[in-house]
Every structure is written in C-alpha cells, then in structure tokens.
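Summary of structural features
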Amino acid sequence: MIGLISATAAGTVARDRLAAAWPDRTVIYEGPVREAVRRAFAECEQLVCFLATGAVVRLLAPLLSDKSSDPGVVCVDEAGRHAVALLGGHGGGANALAGEVGEVLGAAPVVTTATDATGVPGLDMLGLPVEGDVAGVSRAMLDGAPVELRADAVWPLPALPPQVGAGKGGDAVLHLTDRVVELGPRTAVLRPASLAVGVGASKGAPVEEVLGLVLDALGEAGLSPLSVAELVTVDAKADEPGIVAAAAELGVPLRTYRADALAGVEVPHPSDAPLAAVGTPSVAEAAALAAGGELLVPKRKSAPEGRAAMATCAVVRRRTRGRLAVVGLGPGARDLLTPRARAELRRASVLVGLDQYVDQIRDLLRPGTTVLESGLGAEEERARTAVAEARKGHAVALIGSGDAGVYAMASPALAEAGADIDVVGVPGVTAALAAAAILGAPLGHDHVSISLSDLHTPWEVIERRVRAAAEADIIVTFYNPRSRGRDWQLPKALSILSEHREPATPVGVVRNASRPDESSRVTSLGALDPATVDMMTVVTVGNTATREIAGRMVTPRGYRWQSATTAQEGAR
C-alpha cells in the first residue's frame, strides 16, 4: 500500500485527490505528522508525503534501515508543482511513483537517480537479480567507460549503452550468467531466470530436505539459486507441503504436469517407485525436461542421516526465449502514443520499423538500441526480421502506425512467429478513431473499417464487403482510399453506398489526423469529390441515422433519436 501524509490544508486537498484516484492503493495516515510518518514507514511499501523535503528528511532519518527494505518515498510540495523521488528510487519504486503522482496531480516528477536522469538503464531495474559491485559497474557505465560484457547467452534485456559489450575491455565487468563466478571490485552479475528444477518428494517430506537437496545440487554444479525460474513437479505433488514451501523459500512459482505427460518424457534414470506411486517412471527428471532445455544435473536423491531419502531433484537450463513486442504508435501525435508503447520502446534492445515511423520515436529509444529500418513496401521483410531477432534471444519492438493489429505489422509478424518466442501486443490509437474524434461522434453505432487497396486483396472481395456494409446500414471508414495508381476504387465504393443511402448522408474527410498539417471537413455522400482524397486521408461515411450537427458528424447509439427527428421533419 501507499501511505499518504499531509500537514497543511493545501497538502490535504492534494492528498485527497490522490486517494480518490487510487482508492485501492492508498491509505491516509492522520494525526501528528511525526507519528503518521513513523507508522506509514513501518506499514507501507511506499509513502507520498505532502511536506517539504527537508522536513521529511529529518523525519525519515531515524527510521532508515537498508535500501533493499526501506519503502520508496515521494514528496509533493505545497503548491503541487513537483513530485520528488526522495528515497528508494529503484528498490522502493519511488522514481516510477513520482511519475504516477505527477500524472494524477499535474506535478512535474523530479528524479535525481543518475541512471534515470541520463537514460542509462540501472542494473537493478533490468528485471533480473543482480549481485556484486553494482555501484562500481554502474559508475563505469555512467562515466562512459568501457564495460566488458561476458554473457553465456543472449537474453531479452533492454539496450545497454554502446560502451557495454563483449570485447570492450576496461576494468569493469558485467556477467550475464547462471553460473557462480568470482565477485571482485567493479564486477557485477546479472542472473537470468534460466534454470528449472524438477522435484519429487515422498508424502510428508520436510521442506528442509527438499530445499537442502535443491541448493546442494545447484551448488555442486556451480549454479546460482538466483537463476532458478521455477520448480516443476507432477500434478499429484502440487500440494505437497515440502515442495510448496521450498518454492516459496526460493521465491519462484511451482508448476505441475500431468502424470501421463511426464510418462511420455524419455529420461536417463526411470524408476518403478514413482510409477507405482503417481503413474510416471520419473518425476524430477521428467518434469525438468518437460520445462524444456538441457539437462545439467541428472536425478539425484537427498541423503538424510539415518533414514531413506524422501526427495529427488534434477536441473535443466531452459532455452532462451526472445521477446517480440508489436507496438502501435498511434496516428502520429506524440501525446497519443500510449504509456505502454513508450515503455516497450524503452524495453527493447532491437527496434524494427518503417523509416518514417522510426523517425517519429527515435528520441525515445535507449542509447545503444539497434535500429533496423526499411522503406515502404517491405512489410513482410520487416516482420521476418523482427521474428528472427527475437529468436536470437533479443528484446525486439516492431512498430507500426495506429494500432499494429489494424492494417499494420501484427498480422505478418504473428504469421511468422512460432511458440518459441514470447509475443506481446501493444494497442495504439487507430487512424479511424483519431479521425472520428476530430469529426465528432460518427462511430456511435455499428461500424466497420474497409481498406480500398487491392494490392493484397482482390477487388471482388473488397466490393463484396462494401456492398454488405451498405446493405446492412453500417457506418464505414475507408482506409487507403485513393492513390495515384488507384483512382477508381473510391468512386466505385461510394456509388455502392449511394444505392442504399441518401446523397445528404454525412461524410467525414480527415487528412493526417493528429499531425501538424491535419485537415478535416464534413461533406455529404453526394458532394464528396474523390479527387480531394489521397492515401493520407481517412473517409468515414455515416449510416442512415448519422446527422451533421453544428458542423460535426453524429451517429446516435440507438434509433429513438432518429425516429423523433424523422417525425419532426414529417410534421414540417
């Protein structure tokens, strides 16, 4: 929870605004400020103090314990102009919280953490456990000094600065490995979640035996427990207390498989005992191999003193899975680019996109991001490139305008992508939605988008779809309506609609929606001149209920309004 503390009337007003915006995330601490801060510091993961930073520093000083456990603290000034990340910028999440508070209150976030201020990714913010001389390696990255990257495999990390990489030399070293390595000055280790541990246990096996076996197996193989991604076992052991507790101690999920699925996994050390007990000749090895990857530690048993073993385990190194984010950039205006899209652009180490779209967001990329751009007409090539980069283990962002799933890059990319990579879709504001907002409310009832480009779809199919929309009285938004080489499709489509709609039917025409040279107008089906339309234009044709009101297109959600309007017109 986020504790909220204020001392003045103005601070209380801002505090209550934040509490109203986040009712499930916040708790207000009343009473004397010193006591309120003390209680909130002990009870909450984060604090927002509507107090002067100096006062908060004095109040917090006696309470500080360790940066890994202290809550993140944000201060908001009396005028509500700044949200200052005061304590726990990374570990406590104060830097991110300052941005969120700023969005709600209209305050400017103030972040002084060096890595955040310079755009260099903090080693503790890469989503992986990190150990060693994190400060020393981070300082080298900030100073622009070369940092030697020693990675056992490619991992889908955000872009690292250009001076960080294999063969860079220098006395700072960053390891990316699940192996135990010697830690010295200016040496840090990122621990990828690359290991899956299969476990089996007799009924009532103590957690100490299960956990001890796992840690011993890892230690003897020279592997770090911080790289364990999950424990895996058979369904019958899903609730076995020793296994459940061992997973909790390691801080990883427990995943299970059906016995018949494990029985089909070929293992080096099958046994009759688990076959009789749970229906599969192997639990630990089979579950580990089912997780996918290379068997590093074959089945081994615990060795308790004075009694039979009650636990088994096996360890695999999972195959690296790259990550492909298909990102919609919206119609072009920077303020219509979603926060999630921004975050994915920052998360990527490889960006793939049309050159003109890359230019729109190049300034948002982290230093060191690999940019693979190409021109118009290379959509399938870009999709193949993005998937290929993800299969190498990279974090890839494939960008498209509007929403990437609407006449854009998601379809060709997902046609190429298999189950061997992770795929994330990031929605964007479409051209149709941006145009509709400019025109008024033309999409107030059932609507459809139809591309008039016959480069990939035969005209016969397009015409059939236009005719169906016309007969069904559905609002139509035309994408790709007209180009120099395709000048007859739009007039043909409009003529089909005219068979079912009056010439006075409102039509909205928007060019370059949301961009600096945006233009728009509302005309009618009978008056629209197709020659005024090009590929940068979206054309929205209303249905029989759509009206022009005060220069805006409006389609009612229902037809009662239409009936009343028709009756009034008839009375006149």
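Residues numbered from 1 in each chain as written. Predicted model: local features only at pLDDT ≥ 70, side-chain atom pairs only at ≥ 80, totals over all residues. Heavy atoms only, no water.

1. What to know about the confidence of the model for the protein chain
Defined as follows: Known as pLDDT, the predictor's confidence for each residue is given on a scale from 0 to 100. Note on definitions: a residue-residue contact is assigned when non-hydrogen atoms from the two residues lie within 4.5 Å.
In the predicted model, the protein chain carries a mean pLDDT of 91, and the fraction of residues at 70 or more is 97%. Note on residues 566-572: pLDDT is under 50 here. Beyond four places in sequence and across chains, it has zero contacts.

2. A few points about the sheet that holds strand β21 (residues 422-426)
In plain terms, the rule: One bridge is not enough; two strands pair if DSSP finds at least two bridges between them. The helix count covers DSSP runs of H or I at least four residues long, the strand count covers runs of E at least two residues long, and both are numbered beginning at the N terminus. Axis lines are fitted to C-alpha atoms, over the contacting stretch for helices. Their N-to-C directions set the angle, which ranges from 0 to 180 degrees.
An order of β19-β18-β20-β17-β21 is seen for the five strands of this open sheet, with the pairing classed as parallel. Either end of the sheet is taken by a strand with one partner, and the two such strands are β19 (370-374) and β21. Within this sheet the neighbouring strands show an average axis-to-axis angle of 15 degrees, counted without direction. As judged from the three bridges shared by strand β18 (residues 350-354) and strand β20 (residues 395-400), these two strands associate in the parallel manner.

3. A look at the nonpolar core
For clarity, the threshold we go by: Here, nonpolar core refers to any group of buried Ala, Val, Leu, Ile, Met, Phe, Trp, Tyr and Cys residues whose side-chain atoms link them within 4.5 Å. Working definition: with a 1.4 Å probe on protein chains only, accessible area under 20% of the residue-type maximum means buried, over 50% means exposed, and in between means partly exposed.
Counting 24 residues, the largest nonpolar core has Val 197, Val 214, Leu 218, Leu 231, Cys 313 and Val 315 as its most contacted members. Per element, the largest residue contribution to this core is six residues, and it comes from helix α7 (residues 207-220).

4. Notes on the pairing of β18
Put simply, the rule reads: With the strands pointing away from the viewer, any crossover whose connection runs clockwise from the first strand over the helix to the second is right-handed.
Here β18 lies mainly inside the structure; five of its five residues are buried. By the bridge criterion, five bridges tie β18 to β19 in an arrangement that is parallel. The residue of β19 that forms the bridge with Gly 353 is Glu 373. Regarding topology, helix α13 (residues 355-361) serves as the crossover connection from β18 to the parallel β19, and that connection is right-handed.

5. Let's talk about the sheet that holds strand β28 (residues 547-549)
Sheet strands pair by backbone hydrogen bonding; their relative direction is either parallel or antiparallel. A sheet is described by the order of its strands in space; here three strands give the open sequence β22-β29-β28, paired in mixed fashion. The outermost strands of the open sheet, each flanked by one partner alone, are β22 (440-441) and β28. Two strands pair when backbone bridges link them, and β28 and strand β29 (residues 552-554) are joined in this way by three bridges, in the antiparallel orientation. Residue pairing in the sheet places Ile 549 in a bridge with Arg 552 of β29.

6. Thoughts on the pattern of salt bridges
The condition that has to hold: Each reported salt bridge corresponds to a side-chain nitrogen of Lys or Arg within 4 Å of a carboxyl oxygen of Asp or Glu.
All chains considered together, the criterion is met by 27 salt bridges. Arg 186 is the partner of Asp 171 in a salt bridge, and the nearest nitrogen-oxygen pair spans 3.1 Å. Linking Asp 171 in the loop between β9 (164-165) and β10 (172-176) with Arg 186 in the loop between β10 and β11 (187-190), this pair joins segments that are 15 residues apart in sequence. Classification of Asp 171 by relative accessible area gives exposed; the value is 53%. With a closest N to O distance of 3.7 Å, Lys 237 and Glu 240 form a salt bridge. Neither Lys 237 nor Glu 240 differs from the other in exposure class; each is buried. One salt-bridge network, held together by shared partners, links Arg 15, Asp 16 and Glu 30.

7. Re the side chain of Glu 209
Put simply, the test is: In protein, a polar contact means a hydrogen-donor-capable atom and an acceptor-capable atom, both N or O and within 3.5 Å, with residues adjacent in sequence counting only if both atoms are side-chain atoms; elsewhere, any N or O pair within 3.5 Å suffices.
Considering the arrangement of structural elements, one finds Glu 209 in helix α7. Of note is the side chain of Glu 209, whose polar atom sits 2.9 Å from the backbone nitrogen of Met 310. Ignoring any residue separated from it by four or fewer positions in sequence, one finds Glu 209 in contact with Ser 302, Pro 304, Arg 307, Ala 309, Met 310 and Ala 311.

8. A short note on the environment of Val 315
Relative to the elements of secondary structure, Val 315 occurs in strand β16 (residues 311-317). Linking Val 315 and Ala 287, residues 28 residues apart in sequence, is a C-alpha distance of 9.5 Å.

9. Comments concerning the pairing of strand β14 (residues 254-257)
Each regular strand carries side chains that alternate between the two faces of the sheet. Two strands pair when backbone bridges link them, and strand β13 (residues 228-234) and β14 are joined in this way by four bridges, in the parallel orientation. Among the inter-strand pairings, Thr 233 is bridged to a residue of β14, identified as Thr 256. Handedness of the β13-helix α8 (residues 241-250)-β14 crossover: right-handed.

10. Observations regarding the side chain of Glu 230
Residue position: Glu 230 is located in strand β13. Using a relative accessible area of 6% as the deciding quantity, one classes Glu 230 as buried. Within the structure, the side chain of Glu 230 is placed 2.6 Å from the side chain of Arg 255, a separation counted as a polar contact. Setting aside its immediate chain neighbours within four residues, Glu 230 contacts Leu 195, Ala 196, Val 197, Val 252, Pro 253, Arg 255, Ala 291 and Arg 318.

11. Examining the state of the cysteines
For clarity, the threshold we go by: The term disulfide is used for any two cysteine sulfur atoms that are within 2.5 Å.
On inspection of all chains with the given rule, the structure shows zero disulfides. Here Cys 44 is not disulfide-linked; the sulfur of Cys 49 is the nearest cysteine sulfur, at 10 Å. Cysteine Cys 75 remains unbridged, with the sulfur of Cys 49 as its closest cysteine sulfur at 5.3 Å.

12. Notes on the packing of aromatic side chains
The geometry of an aromatic ring pair comes down to the distance between the two centres and the angle between the two planes. The following threshold applies: Paired rings are identified among Phe, Tyr and Trp, the last through its six-membered ring, by centres lying within 6.5 Å, and are further divided according to the angle between planes into stacked (under 30 degrees), edge-to-face (over 60) and tilted (the rest).
Summed over all chains, the structure comprises two aromatic pairs. Taking 4.8 Å as the distance between ring centres and 50 degrees as the angle between the ring planes, the aromatic pair formed by Tyr 407 and Tyr 479 counts as tilted. Of the two residues, Tyr 407 sits in the loop between β20 and α15 (410-416) while Tyr 479 sits in strand β24 (residues 475-479), which places them 72 residues apart along the sequence. By relative accessible area, which is 44% here, Tyr 407 ends up partly exposed. Ring centres 5.0 Å apart and planes at 70 degrees place the aromatic pair Trp 459 and Trp 488 in the edge-to-face group. Here the residue Trp 459 occupies a position in helix α17 (residues 459-471), and Trp 488 occupies one in the loop between β24 and α18 (489-498), the gap between them amounting to 29 residues. By relative accessible area, which is 10% here, Trp 459 ends up buried.

13. Quick notes on the packing of α17 against α18
For the record, the criterion: Angles are sorted into four bins: roughly parallel if under 35 degrees, roughly antiparallel if over 145, roughly perpendicular if 65 to 115, and oblique for all others. In a left-handed crossing the near helix is turned counterclockwise from the far helix by less than a right angle, and in a right-handed crossing that turn is clockwise. Charged means Asp, Glu, Lys or Arg here, nonpolar means Ala, Val, Leu, Ile, Met, Phe, Trp, Tyr, Cys or Pro, and polar covers whatever is left, Gly included.
Contact geometry of α17 with α18 gives a least axis separation of 9 Å together with a crossing angle of 30 degrees. Put simply, α17 runs roughly parallel to α18. In this structure, α17 meets α18 at a crossing whose hand is right-handed. Side by side, α17 and α18 meet where Trp 459, Glu 463, Val 466, Arg 467 and Ala 470 of the first sit next to Gln 489, Lys 492, Ala 493, Ile 496 and Leu 497 of the second. For the contact of α17 with α18, the per-class residue count stands at six nonpolar, one polar and three charged.

14. Structural notes on the environment of Thr 385
Relative to the elements of secondary structure, Thr 385 occurs in helix α14 (residues 379-391). Linking Thr 385 and Ile 462, residues 77 residues apart in sequence, is a C-alpha distance of 30 Å. Once you skip the residues sitting within four places of it in the chain, Thr 385 turns out to touch Val 352 and Leu 372.

15. Here's the deal with the environment of Val 48
Considering the arrangement of structural elements, one finds Val 48 in strand β3 (residues 46-50). For Val 48, a relative accessible area of 0% corresponds to the buried category. Each C-alpha atom, one on Val 48 and one on Gly 72, is 8.6 Å from the other, the two residues being 24 residues apart in sequence. In contact with Val 48, other than residues within four places in its own chain, are Ile 2, Gly 3, Leu 4, Ile 5, Leu 18, Val 74, Val 76, Leu 97 and Val 101.

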